[in-house]
Amino acid sequence: FFDAIVTLVLGSADDRDDLDVTFAEAEGSFILGRIELHALTLAGTRPAQDPSARFEVTIDSLVIDIDTARLLALDFAVEEIAVDGVHGRFDRLRVATPQPRPEDRGLELSREFSVARMHVGDVQLLLTDAARSPARELSVSVDELDLGPLHSESALFDVLYRARGRGAIQGHPFVLTAEDH
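Residues numbered from 1 in each chain as written. Predicted model: local features only at pLDDT ≥ 70, side-chain atom pairs only at ≥ 80, totals over all residues. Heavy atoms only, no water.

The next point concerns the pairing of strand β6 (residues 114-129). Where strand β5 (residues 77-92) lies against β6, 14 bridges are found, and the strand directions are parallel. Bridge pairing links alanine 77 to serine 114 in β6. Two strands pair when backbone bridges link them, and β6 and strand β8 (residues 150-151) are joined in this way by 2 bridges, in the antiparallel orientation. Looking at β8, one finds that valine 115 is bridged to leucine 150. Relative to strand β7 (residues 136-147), β6 is paired through 11 bridges, and the arrangement is antiparallel. Bridge pairing links leucine 126 to serine 139 in β7. (Pairing = 2+ DSSP bridges. Helix = DSSP H or I, 4+ residues; strand = E, 2+ residues; numbered from the N terminus.)

Turning to the pattern of salt bridges, a few remarks are in order. Oppositely charged side chains are able to pair whenever their charged atoms sit close together. Using the criterion set out here, one finds 9 salt bridges in the structure. A salt bridge links arginine 89 to aspartate 91; the shortest N-O distance between them is 2.8 Å. For arginine 89, a relative accessible area of 34% puts it in the partly exposed group. For aspartate 91, a relative accessible area of 4% translates into the label buried. Close ionic contact of arginine 162 with aspartate 158 constitutes a salt bridge, the shortest N to O distance being 2.6 Å. Pair noted here: arginine 162 and aspartate 158 are both in helix α3 (residues 155-162), with a separation of 4 residues, about one helical turn. In this structure aspartate 158 comes out as buried when scored by relative accessible area, which is 0%. (Salt bridge = Lys/Arg side-chain N within 4 Å of Asp/Glu carboxyl O. Buried < 20%, exposed > 50% of the residue type's maximum accessible area, 1.4 Å probe, protein only.)

Put simply, the largest pocket is a space of about 550 Å³. Taken together, 24 residues make up the lining of the largest pocket; nearest its centre are Ile35, Leu37, Leu62, Ile64 and Ile66. At the level of secondary structure, the elements contributing two or more residues to the lining of the largest pocket comprise α1 (2-14), β3 (34-46), β4 (53-66), α2 (68-72), β5 and β6. At 5 residues, β3 tops the list of elements feeding residues into the lining of the largest pocket. For the lining of the largest pocket, the class distribution of residues is 20 nonpolar, 3 polar and 1 charged. (1 Å grid on protein atoms, 1.4 Å probe; cavity = no way out; pocket = protein on both sides within 12 Å on 5 of 7 lines; lining within 4 Å. Points joined across faces, edges and corners; volume = space filled by probe spheres on them. Nonpolar A, V, L, I, M, F, W, Y, C, P; charged D, E, K, R; others polar.)

In structure tokens:
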């Protein structure tokens, strides 16, 4: 039953021409605000017609736990996001055609958010830029990344100063250590 509801909810994303979403199993409770997706695949092209980029990512496990009491008060707060077993690639196929923009107002978020805890583990991504000659590739792996809290108004600060993790970029290891304040 829960799988059917999640399929219906994700159906609006899957109706897009530039995005395909599939999963093998869904568990959780909308009342409790918890959803677990297993064997999730996201794939697509940007834009859908004459794409300048394409991507495909598989995720072994995605867990999202939303504070439903705060959601009822229109305060979007996530208690936990946990993502494990991410494997995929992003390919830049050509230089994107610039789109005309309305007046530049800077970066604006459509909704404020907060995430109390976030965990990312076992990430393997390959980024390819085929728009250059010769094409360039960059491998990124994250063994483990934990952070929290994360707030929309200070997201970059939160990632730079509150994250703990380790991984490698093009085979060169990195370690993130959080600052205690």
